[in-house]
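Residues per chain are reported as follows:
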Amino acid sequence: MSTFGYTVAGFGAGADQGPQEITVDAIDFNGTTSVVRYANNIFQYIPAENADPHTDFTHTISFWIKPETLTNFDTLISTDAYNTFPSNEMRFRSTGQIDIGYNGSNNSNVRIITSSAGSITTGSWQHIMLTWNDTTPTLYIDGSLDSHSSIGNGTDITADATDATDFGQRFNDTGGYDYDGCLAEFYIDLNYYTNTTNFRSTAGKPVQVPTPISNYFYLTGDSTTWANQGNGSAGTQTLTDITDCADSPSD
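Note that this is a predicted model, so its numbers are computed, not measured. (Residues numbered from 1 in each chain as written. Predicted model: local features only at pLDDT ≥ 70, side-chain atom pairs only at ≥ 80, totals over all residues. Heavy atoms only, no water.)

## Re the overall build of the chain
Helix and strand content of the chain: one helix and 19 strands. In the chain, which comprises 251 residues, the proportion classed as buried is 53%. Partitioning the contacts of the chain with sequence separation of at least 6, the portion at a separation of at least 24 is 68%. In the form shown here, the chain has an accessible surface area of approximately 10000 Å², with 47% of it arising from carbon and sulfur atoms. (Helix = DSSP H or I, 4+ residues; strand = E, 2+ residues; numbered from the N terminus. Buried < 20%, exposed > 50% of the residue type's maximum accessible area, 1.4 Å probe, protein only. Contact = heavy atoms within 4.5 Å. Areas by Shrake-Rupley, 256 points an atom, 1.4 Å probe, with all protein chains shown as cover.)

Structure representation (structure tokens):
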């Protein structure tokens, strides 16, 4: 299990070493029946993209993935669907890309951020981090800036806080699109100015994540202990057919 904390370089005992690597666990989705469900929308902790950066700082999503397959629209996370369109989703493409998007309440006000072709690979751990300040999203993959695209007329990737959230499938498994692979250290921060070194060391390992100023949603653990360690709540958690991943990004 990981520990929660943060060492700021230049402050405190041992601070000259910066953020330290930590041991983490990971969970495995089987690509057919595995799902982690929350009663409410985890994306409620993300403010509108046009929020005042002087007040709200930079907002962050950070997580580790290890896909076993990449098929069009295999879904890592989605929230309640309007008709067949999840209001929020993170999904993969067979071209080695990840979409992070908001489809609105009626597939309108759409905003989708898509990583560059070939940026996502199978069989190995990758660190994904999306930050944005005001209306400018920035995507990092394995600590390097990705030349992502951002499309649609939407102003944010937020949604109704009462929408339920599924990890591992399109919500309610509408049309399949199940994620086959592992996940570790999923983190949404409402109100913290951050950078990749807060989450990933120069050796490519997880490091202690920063303590945020306001609400945050932080999932970590193995199949037995996987739970939210943050102070934001997404309601009841239910795990179905989740197993331990054979390895983790800290191995």
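Right, picking up where we left off after that structure.
## Some thoughts on the state of the cysteines
Tallying each qualifying case throughout the model produces one disulfide. The partner cysteine of Cys182 in its disulfide is Cys245, sulfur to sulfur 2.1 Å. Measuring the twist about the S-S bond at about 90°, one finds the Cys182-Cys245 disulfide to be right-handed. On the criterion of sequence distance, the pair formed by Cys182 in strand β15 (residues 180–189) and Cys245 in the segment after β19 (243–244) is long-range, its members being 63 residues apart. As far as the burial class goes, Cys182 and Cys245 line up, both buried. (Disulfide = S-S within 2.5 Å.)

## Structural notes on the sheet that holds strand β7 (residues 88–93)
Read across the open sheet, the eight strands follow the order β13-β9-β8-β7-β4-β14-β2-β18; overall the sheet is antiparallel. Of all strands in the sheet, those bounded by a partner on one side alone are β13 (149–151) and β18 (237–240). Here the strands of the sheet are splayed against their neighbours by 15° on average, with no regard to which way each runs. (Pairing = 2+ DSSP bridges. Axes fitted to C-alpha atoms, helices over the stretch in contact; angles between N-to-C directions.)

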